[in-house]
Amino acid sequence: ACVCARVRACVCVCGGGRDGGGGGDGSGGGHGGLRPLVSIWVSERPVRCLSWFRDGALIALAGFDRTVYVYDACESCRPERVAALTGHTAAVRALAFSPSAAKYLASGSIDGEVRLWDVHAGMPLGTLRISGNSPVNA
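Being a predicted model, the structure only gives us computed values, none of them experimental. (Residues numbered from 1 in each chain as written. Predicted model: local features only at pLDDT ≥ 70, side-chain atom pairs only at ≥ 80, totals over all residues. Heavy atoms only, no water.)

1. Focus: a nonpolar patch on the surface
A cluster of nonpolar side chains, contributed by Tyr 104, Leu 116 and Leu 125, occupies part of the molecular surface with about 260 Å² of accessible area. Following the sequence through the fold, Leu 125 ends up in strand E11 (residues 123-129). (Patch = residues over 30% accessible without salt bridge, like charges linked within 9 Å, V, L, I, M, F, W, Y side chains within 5 Å. Areas by Shrake-Rupley, 256 points an atom, 1.4 Å probe, with all protein chains shown as cover. Salt bridge = Lys/Arg side-chain N within 4 Å of Asp/Glu carboxyl O. Helix = DSSP H or I, 4+ residues; strand = E, 2+ residues; numbered from the N terminus.)

2. A look at the sheet that holds strand E7 (residues 80-86)
What holds strands together in a sheet is hydrogen bonding between their backbones, with the strands either parallel or antiparallel. Read across the open sheet, the four strands follow the order E4-E5-E6-E7; overall the sheet is antiparallel. The strands lining the two open edges of the sheet, one partner per strand, are strand E4 (47-52) and E7. Across the sheet, the axes of successive neighbouring strands diverge by a mean angle of 20°, strand direction being ignored. Bridge count between strand E6 (residues 67-72) and E7: six bridges; the pairing is antiparallel. (Pairing = 2+ DSSP bridges. Axes fitted to C-alpha atoms, helices over the stretch in contact; angles between N-to-C directions.)

3. A closer look at the confidence of the model for the chain
Overall, the predicted model of the chain reaches an average pLDDT of 74, with 63% of residues at or above 70. Within the chain, the lowest mean pLDDT, 40, falls on strand E1 (residues 2-5), and the highest, 95, falls on strand E10 (residues 113-118). In this model, residues 1-10 is a region of pLDDT below 50 whose contacts with residues beyond four sequence positions or in other chains number 31 contacts. (pLDDT = per-residue confidence, 0-100. Contact = heavy atoms within 4.5 Å.)

4. Thoughts on the sheet that holds E10
Overall, antiparallel pairing links the four strands, which are arranged E8-E9-E10-E11 in an open sheet. The open sheet has two free edges, formed respectively by strand E8 (92-97) and E11, since each of these has just one partner strand. The mean inter-strand angle of the sheet, taken between neighbouring strand axes irrespective of direction, is 20°. Relative to E11, E10 runs antiparallel, the two sharing six bridges. Within the sheet, the bridge partner assigned to Leu 116 lies in E11 and is Gly 126.

5. Focus on the pairing of E6
Taking burial as the measure, the six residues of E6 include five buried ones, the bulk of the element. By the bridge criterion, five bridges tie strand E5 (residues 58-63) to E6 in an arrangement that is antiparallel. Opposite Ala 62, over in E6, you have Val 68 as the bridge partner. Joining the antiparallel neighbours E5 and E6 is a turn of three residues, in which Arg 66 adopts a positive phi near 70°. (Buried < 20%, exposed > 50% of the residue type's maximum accessible area, 1.4 Å probe, protein only.)

6. Section: the nonpolar core
Side chains of a nonpolar character, in soluble globular proteins, are inclined to be buried together. Judged by nonpolar contacts, the single largest core of 16 residues is most densely connected at Ala 60, Val 68, Val 70, Leu 85, Leu 95, Phe 97 and Leu 105. Every element with two or more residues in this core is listed here: E5, E6, E7 and E8. Not counting chain neighbours up to four residues away, the residues in contact with Ala 60 comprise Cys 49, Leu 50, Ser 51, Val 68, Tyr 69, Val 70, Leu 95, Phe 97 and Leu 105. With six residues, the next largest nonpolar core counts Val 47, Ile 59, Leu 61 and Tyr 71 among its residues. (Core = buried A, V, L, I, M, F, W, Y, C linked by side-chain atoms within 4.5 Å.)

This is the structure we're talking about:
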């Protein structure tokens, strides 16, 4: 599978099969010939990072607008935003779901904070400030 973030914050998550269509150059629409599973427009700013929960149902996206967007991204439905998590004061550059529950998500930002979120409640559970306000990158 490939993950490609496009300019103007369209995120396309591609999977197994060849789509056979595309941009007229035989490339399959700019996704290496892979069939897009999900295409999500999130904001006017580029997406910097994403995390997809292991069962494929939730995808989290974030970037320069300091907001973490969480979508229900199952293959059989149109992606629907389930949360917009705010609190970072600078661009978000790292995201990771808990391996055991899609309810928990961690985000790291260049503001020097790692935040743990309850995705279902849309609330932060805690914040860890990195010594010296060093940016969080992953």
